[in-house]
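Now for the letters of each chain:
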Amino acid sequence: DVVDIRAFSKTGMFTFDPGFLATASCESAITFIDGDIGQLYYRGYPIEQLAEKSDYLEVCYLLLNGELPTAAQRAEFERGVMRHNMLHDQIISFYKGFRRDAHPMAVMVGVVGALSAFYHDSLDINNSEHRRISAHRLIAKLPNIAAQAYRYNKGLPFSYPKNGLTYAENFLHMMFSTPCEEYKVNAVTARALDRIFTLHADHEQNASTSTVRLAGSSGANPFACIAAGIACLWGPSHGGANEAVLKMLDEIGSVDNVAEFMQGVKDKRYKLMGFGHRVYKNMDPRAAIMKKTCDEVLTELGLQNDPKFKLAMELEKIALSDPYFIERKLYPNVDFYSGIVLSAIGIPVSMFTPIFALARTVGWISHWTEMIADPAMKIGRPRQLYTGAPRRDFIDEGNR
Ligand code: ACO
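Presented here is an overview of the structure given in this document. (Residues numbered from 1 in each chain as written. Predicted model: local features only at pLDDT ≥ 70, side-chain atom pairs only at ≥ 80, totals over all residues. Heavy atoms only, no water.)

### Digging into the overall build of the chain
Right, so step 1: Along the backbone of the chain there are 18 helices and three strands.
Right, so step 2: The globule rule puts the C-alpha radius of gyration for 400 residues at 21 Å, and the 22 Å found for the chain is close to it.
Right, so step 3: When its C-alpha atoms are laid out on the principal axes, the chain stretches across 70 × 55 × 55 Å.
Right, so step 4: Out of the 400 residues in the chain, the part that is buried amounts to 46%.
Right, so step 5: Looking at the chain alone, contacts between residues at least 24 apart form 75% of all its contacts between residues at least 6 apart.
Right, so step 6: Only carbon and sulfur atoms are counted for the fraction: they give 53% of the accessible area of the chain, which is about 20,200 Å².
Right, so step 7: One finds the centroid of the 43 positive side-chain charges in the chain at a distance of 4 Å from the centroid of its 45 negative side-chain charges. (Helix = DSSP H or I, 4+ residues; strand = E, 2+ residues; numbered from the N terminus. Rg over C-alpha atoms; globule rule 2.2 N^0.38 Å. Buried < 20%, exposed > 50% of the residue type's maximum accessible area, 1.4 Å probe, protein only. Contact = heavy atoms within 4.5 Å. Areas by Shrake-Rupley, 256 points an atom, 1.4 Å probe, with all protein chains shown as cover. Lys, Arg positive; Asp, Glu negative; His and termini not counted. Charge placed at Lys NZ, Arg CZ, Asp CG, Glu CD.)

Printed below as a string of structure tokens:
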């Protein structure tokens, strides 16, 4: 049930809803989540079908344009996006201002924000063609920006994208190829990475997407708005959870320590990272797909007996049968398994959240585009309940 309270504002009334537990901030035709039964749809298509039959670039087209592309539209879109995948040499020089050990998310906030300096004066956000090209630039450049953050951290020379590879393959190539040795792409792992991108592509009004919308509602530069989204995503309650899951598995160490850890969770000393969701009060449908992908990748790489995977399965088994988790409707979310898949592919833990960011960029820019194209758009401006001091007179320094 939805109550439209916009008319309240004319009477001076407003609602108090910290954390937006019961407040919709916008209308949107992009993504629908039915959290009670654990379903997710992009533009009406179930995520299970898209993960099985589509791929990330096609999903990007769908999210941006509202329909699946024909073969000709797809080819044109792919050409249109991939021609933007290089980085300006001046952008490359930004990396050198960061410490080598800077977290790649910090580097991404900076470098993506800096793109606004390259695409600002020439960009009219009220022009739909300019919005389209901005979206293409972002989708094309984010894997490159993320890969270079990793390489800078490792002391590797910067790399270039390579034509003829898929989006996911190109990312792996930019991450891992060296001047001496080309990265050998494995079709199963590249497909798994593409699926991770697809599953993370959009998730309606989560914290980072709402941040992008709020930043964009002032008419700010879209590249700067996406940098704001990246900053928000970094937190461990949001996109940082995939990194936190792996850290948690390392800290637990072995199946023998699970019971003690779970007691700590119930005593509220720890959180079971990768569990729980604001909207899903049933299994996260992305988690079910990711679990299957996890099986495929571990089998392909001969890692079925991987101790981290076994530990994760033990945690899942206990949590799903424990009244504490059942009463609170806490189920595994997508990040519980994606970290295990990324780790098996050889992606370092610090790159998990940057991978989430590059995949979510299409969702962010689709929402930004939808918002800017809406003639009824208003600047976002939440109200507050003031709890501070009442009016008082200034006290001279000697009398304080
Ligand atoms: N482990 C243990 N207990 C939990 C967890 C968890 N992961 N998540 C929620 N709870 C408990 C809370 O302590 C609370 O218990 P109480 O009723 O006894 O006080 C109850 O469940 C309700 O939790 P809230 O914090 O009110 O739920 P909220 O909707 O605000 O939070 C969130 C959702 C932030 C995702 C939370 O579940 C969490 O922190 N999970 C771990 C981090 C994580 O995996 N984040 C990824 C989210 S998905 C994504 O961004 C892709």
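### Quick word on the site of the ligand
Right, so step 1: For the ligand, the set of nearby residues contains 20 residues, the closest of which are Lys 268, Lys 271, Leu 272, Gly 274 and Arg 278.
Right, so step 2: With respect to the ligand, the backbone of Phe 275 contributes an N or O atom lying 2.9 Å from a nitrogen atom.
Right, so step 3: In the model, an oxygen atom of the ligand is placed 3.0 Å from a nitrogen or oxygen of the Arg 328 side chain.
Right, so step 4: For the ligand, the protein covers 73% of the area, taking 920 Å² as the surface of the free molecule.
Right, so step 5: A class-by-class count of the residues in the shell around the ligand yields nine nonpolar, six polar and five charged. (Near = heavy atom within 4 Å. Polar contact = N/O pair within 3.5 Å; in protein donor to acceptor, adjacent residues only side chain to side chain. Nonpolar A, V, L, I, M, F, W, Y, C, P; charged D, E, K, R; others polar.)

### Section: the pairing of strand 1 (residues 31–34)
Right, so step 1: Across the two faces of strand 1 the burial differs, with Thr 31 and Ile 33 buried and Phe 32 and Asp 34 not buried at all.
Right, so step 2: For strand 1 and strand 2 (residues 39–42), the ladder comprises four bridges, and the chain directions are antiparallel. Counted as the bridge partner of Phe 32 is Tyr 41 from strand 2.
Right, so step 3: Where strand 1 hands over to strand 2, the hairpin turn is made up of four residues, of which Gly 38 adopts a positive phi near 70°. (Pairing = 2+ DSSP bridges.)

### A word on the layout of surface pockets
Right, so step 1: Roughly 380 Å³ of internal volume is contained in the second largest pocket.
Right, so step 2: Residue lining of the second largest pocket: 18 residues in total, with Asn 65, Phe 77, Arg 132, Ile 133 and His 136 positioned closest to the centre.
Right, so step 3: If you list the elements that add at least two residues to the lining of the second largest pocket, you get helix 3 (56–65), helix 4 (71–82) and helix 7 (128–154).
Right, so step 4: By residue number, the principal contributor to the lining of the second largest pocket is helix 7, which donates seven residues.
Right, so step 5: Considering only residue class, the lining of the second largest pocket consists of six nonpolar, seven polar and five charged. (1 Å grid on protein atoms, 1.4 Å probe; cavity = no way out; pocket = protein on both sides within 12 Å on 5 of 7 lines; lining within 4 Å. Points joined across faces, edges and corners; volume = space filled by probe spheres on them.)

### A look at the nonpolar core
Right, so step 1: Core analysis: the largest hydrophobic core is formed by 113 residues, its most contacted members being Phe 171, Phe 197, Met 248, Leu 272, Leu 315 and Ile 347.
Right, so step 2: Among all residues touching Leu 315, those that are not within four sequence positions of it are Met 248, Leu 249, Ile 252, Val 258, Phe 261, Met 262, Leu 272 and Phe 336. (Core = buried A, V, L, I, M, F, W, Y, C linked by side-chain atoms within 4.5 Å.)

### A few points about empty space enclosed by the protein
Right, so step 1: Per the stated rule, a full pass over the model turns up two cavities of 30 Å³ or more.
Right, so step 2: Its volume calculated, the largest cavity comes out at about 50 Å³.
Right, so step 3: If you trace the largest cavity, you find it lined by Met 82, Asn 85, Ala 140, Pro 143, Tyr 167, Asn 170 and Met 174.
Right, so step 4: For the lining of the largest cavity, the secondary-structure elements that each account for two or more residues are helix 7 and helix 8 (167–176).
Right, so step 5: Its volume calculated, the second largest cavity comes out at about 40 Å³.
Right, so step 6: Class assignment for the residues of the lining of the second largest cavity results in three nonpolar, four polar and two charged.

### Quick word on the sheet that holds strand 3 (residues 45–46)
Right, so step 1: As summarised here, the arrangement of the three strands in space is 1-2-3, forming an open sheet in which the pairing is antiparallel. The open sheet has two free edges, formed respectively by strand 1 and strand 3, since each of these has just one partner strand.
Right, so step 2: Inspection of the sheet shows strand 2 paired to strand 3 by two bridges, in the antiparallel sense. For Tyr 42, the partnering residue across the bridge sits in strand 3 and is Tyr 45.

### Quick notes on a nonpolar patch on the surface
Right, so step 1: A cluster of nonpolar residues, Phe 14, Phe 16 and Leu 385, forms a patch on the protein surface that exposes about 310 Å² of accessible area.
Right, so step 2: Of note, Phe 14 is situated in the loop between helix 1 (8–11) and strand 1. (Patch = residues over 30% accessible without salt bridge, like charges linked within 9 Å, V, L, I, M, F, W, Y side chains within 5 Å. Salt bridge = Lys/Arg side-chain N within 4 Å of Asp/Glu carboxyl O.)

### With respect to unusual backbone geometry
Right, so step 1: One non-glycine residue, Arg 43, adopts positive backbone phi at about 50°.
Right, so step 2: Looking at the element boundaries, Arg 43 is found in the loop between strand 2 and strand 3.
Right, so step 3: On the basis of relative accessibility, which here comes to 22%, the residue Arg 43 falls in the partly exposed class.
Right, so step 4: At Lys 329, a position not held by glycine, the phi torsion is positive, near 55°.
Right, so step 5: Its place among the elements puts Lys 329 in the loop between helix 16 (323–327) and helix 17 (334–345).

### So, the pattern of salt bridges
Right, so step 1: For the coordinates displayed, the defined rule picks out 21 salt bridges.
Right, so step 2: For the salt bridge of Asp 250 with Lys 308, the shortest nitrogen-to-oxygen distance reads 3.6 Å. You can see Asp 250 sitting in helix 12 (residues 241–252) and its partner Lys 308 sitting in helix 15 (residues 307–321), a full 58 residues away along the chain.
Right, so step 3: In this structure Lys 308 comes out as partly exposed when scored by relative accessible area, which is 28%.
Right, so step 4: Note that Asp 322 is salt-bridged to Lys 266, the shortest N-O span being 2.7 Å.

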